[in-house]
Each structure stands twice: as structure tokens, then as C-alpha cells.
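The primary structure of each chain is shown beneath.
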Amino acid sequence: MGSDRVRSRRNIPLTASLGTRLAVLTAVAAGALTVPAATAPTPAQAAACNGYVGLTYDDGPSGNTPALLNALRQNGLRATMFNEGRYAAANPVQVRAQVSAGMWVGNHSYTHPHLTQQSQATIDSEIQRTQQAVANAGGGTPRLFRPPYGETNATVRAVAAKYGLTEILWNVDSQDWNGASTDAIVAAAGRLTNGQIILMHDWSANSLAAVPRIAQGLAARDLCAGMISPATGRAVAPG
């Protein structure tokens, strides 16, 4: 509280009369008046939002999640976090942190297997247990599902639909899973157009480092980070 009051004093216009400035300072010191700190808008907040893209991060939550959420918030970005059920069950605090940070939580299977090589019963278990794990952790009931490795078939899609899930793949692959540099990830995000989705990963240090520049690049093109519509599978304005 003390540091907030000191910062608030610095934001009182110097053009105010001496009497007015003294009155404001007195009110702030008494806790009766809150003077907001002056902060510059983030690149994404300053954008005109002439289109929306979907930023997605797979394989969380992990020990890297807090830093990723902090970077996204600092740069005015929202994203869809495709969580693995086993990690959601083990890290419920981070699932709740994702929601608190304004992110959307999706289903990325429980153990990240090659689902197209599994029986229908196993596919069902992978999806159902993740739905339950995310909900139990406070992430709500996911409406979006991304199959591990992007591998899918009619059976995978049918089981996902059984649980009210829309299958979501991607338009742009950042290649962060393949060791792509921060520059390469930023360049990949630069290829996104309205409605498109990019694949990144929660654990990638280079994707984390790319966040500020991704925000700057989107703002420069009047694009904003949006939600992925369960109806269309495309990025749209947050609802």
C-alpha cells in the first residue's frame, strides 16, 4: 500500500493549483482517494483488432506455466491452453491460474498417446479422464480438444464429439517442439491471418521468450489474440 501511494503522488498533474494538489495528496494519504498509476497500453491493447488469431500452448500445466502466464498478461494476450489430464490433476493450482489469467483451457488427452493407434475404449478414457481432471482442478469443462501430435481419425473425432468437444488442429506450426529459435517462432506467428491458429508449447523456453515480439507483431498488423470458437474452430473475438 505504501509504495502504491508513493507512485500515485507522482501521477498528480503538475498543472494543478497548489491547493488542489495538497488536497489530493491529503486524500490519498488518508486512503480516501485512489489515483491510478500511469501505464502505457500494451501492443495488443493498442491494436485496432481488425482480425483475431488463436494462440495455443500444448502439454501444460508445468513448472513453466507461471512465467508463460505472466508474459501473456504483461503483453495483453490471451491464449488457449491445451492441457494434459495427468498434469492438470497434478497441478490444479496452475489450472486455476490459467483461468484467472484469462486463458481458455482445452483437452489434450490424459497421457499424450498416439490416439489413432489406440482402441476406442482407450481413446474414450484418455478424453473423459482429462475432461474430469480439468474440471476438478477448476478449469471448467473443456469444449475444445486437440489430439496429441495432431493425429486424428473418424473414431477420435466421434469420441471427442461424444463429450461435446470440437477438435482443433492448427494452421501454423511454430516448430518450437523441434527446437525452433525465438526468431523463427516470431516469424511463424507473423504468418497468421484472421481466424488462424498457431501451435506452441507450454514448456518451450523459446516460445516464452517470443511472447513480447508476437504481441508487437500482431499489433502492427491490427490483429488481436482471440478465443477459438467451438462452433467454427476458428479464432474469433472473445465472447
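Residues numbered from 1 in each chain as written. Predicted model: local features only at pLDDT ≥ 70, side-chain atom pairs only at ≥ 80, totals over all residues. Heavy atoms only, no water.

Draft legend 1. Expanded view of helix α10 (residues 205-220). Across its 16 residues, α10 extends 24 Å between first and last C-alpha, which sits within 8% of the 22 Å expected from 1.5 Å per residue. Of all the bends in α10, the greatest, near 45 degrees, is centred on Val211, and the proline Pro212 appears no more than four residues after it. Turning to α10, its buried residues are Ser207, Ala210, Val211, Ile214, Ala215, Leu218 and Ala219. Backbone geometry just after α10 places Asp222 at a positive phi near 60 degrees. (Helix = DSSP H or I, 4+ residues; strand = E, 2+ residues; numbered from the N terminus. Expected span 1.5 Å × (residues − 1). Bend = angle between axes of the 7 residues up to and from the residue. Buried < 20%, exposed > 50% of the residue type's maximum accessible area, 1.4 Å probe, protein only.)

Draft legend 2. Structural detail: the nonpolar core. Of all hydrophobic cores here, the largest spans 28 residues; its most connected members are Leu55, Tyr57, Leu72, Leu77, Ile198 and Ile214. In terms of residue count, the dominant contributor to this core is α10 (five residues). If you look at the next biggest cluster of nonpolar residues, it comprises eight residues, including Ile123, Phe145, Val156 and Val159. (Core = buried A, V, L, I, M, F, W, Y, C linked by side-chain atoms within 4.5 Å.)

Draft legend 3. Layout of the side chain of Gln94. Topologically, Gln94 is positioned in helix α6 (residues 92-100). Residue Gln94 is classed as buried on the basis of its relative accessible area, which comes to 18%. Beyond its immediate stretch of four places on either side in the chain, Gln94 contacts Pro61, Ser62, Thr65 and Pro66. (Contact = heavy atoms within 4.5 Å.)

Draft legend 4. Broad picture of α6. Those residues of α6 not exposed but buried are Gln94, Val95 and Gln98. One face of α6 carries all of its buried residues, which in axial projection span an arc of 105 degrees. For α6, the exposed residues lying more than 90 degrees away from the buried face are Val93 and Ser100. On its buried face, α6 is in contact with α4 (65-74), β2 (80-83), α5 (85-90), β3 (104-107) and α7 (120-136). (Arc of directions from axis to C-beta.)

Draft legend 5. The arrangement of the state of the cysteines in detail. Evaluation of the coordinates by the stated rule reveals one disulfide. Disulfide pairing is shown between Cys49 and Cys224; the S-S distance is 2.0 Å. Its torsion about the S-S bond being -85 degrees, the disulfide of Cys49 and Cys224 is classed as left-handed. Residue Cys49 is found in the loop between α3 (43-46) and β1 (52-60), and its partner Cys224 is found in strand β8 (residues 224-225); the two are separated by 175 residues along the sequence. (Disulfide = S-S within 2.5 Å.)

Draft legend 6. Representation of the pairing of strand β7 (residues 197-201). The buried fraction of β7 amounts to five of the five residues, a majority that puts the element mostly inside the structure. With burial as the criterion, each face of β7 is covered, one bearing Ile197, Leu199 and His201 and the other bearing Ile198 and Met200. In the sheet, β1 pairs with β7 via five bridges, with the strands oriented parallel. Bridged to Tyr57 within β7 is Met200. When strand β6 (residues 172-173) meets β7, the two strands line up parallel, connected through two bridges. Following the sheet pairing, Asp173 is matched in β7 by Leu199. In this view, the connection linking β6 to its parallel neighbour β7 by way of helix α9 (residues 182-189) has right-handed handedness. (Pairing = 2+ DSSP bridges. Right-handed = clockwise from strand over helix to strand, strands pointing away.)

Draft legend 7. Structural view of the confidence of the model for the protein. Summing up the model confidence of the protein, the mean pLDDT is 86 and the portion of residues at 70 or higher is 80%. When the criterion is pLDDT under 50, residues 1-47 qualifies, and its contacts beyond four places in sequence or with other chains add up to 40 contacts. (pLDDT = per-residue confidence, 0-100.)

Draft legend 8. Representation of the environment of Ser125 within the structure. Examined against the element boundaries, Ser125 turns out to sit in helix α7. Each C-alpha atom, one on Ser125 and one on Tyr110, is 8.2 Å from the other, the two residues being 15 residues apart in sequence.

Draft legend 9. Inspection of the environment of Ala189 at higher detail. Mapped onto the elements, Ala189 comes out in helix α9. Considering only alpha carbons, one finds Ala189 and Ser174, 15 residues apart in sequence, at a separation of 7.2 Å. Look past the residues within four positions of Ala189 in its chain and what remains in contact with it is Ile198, Ile214 and Arg221.

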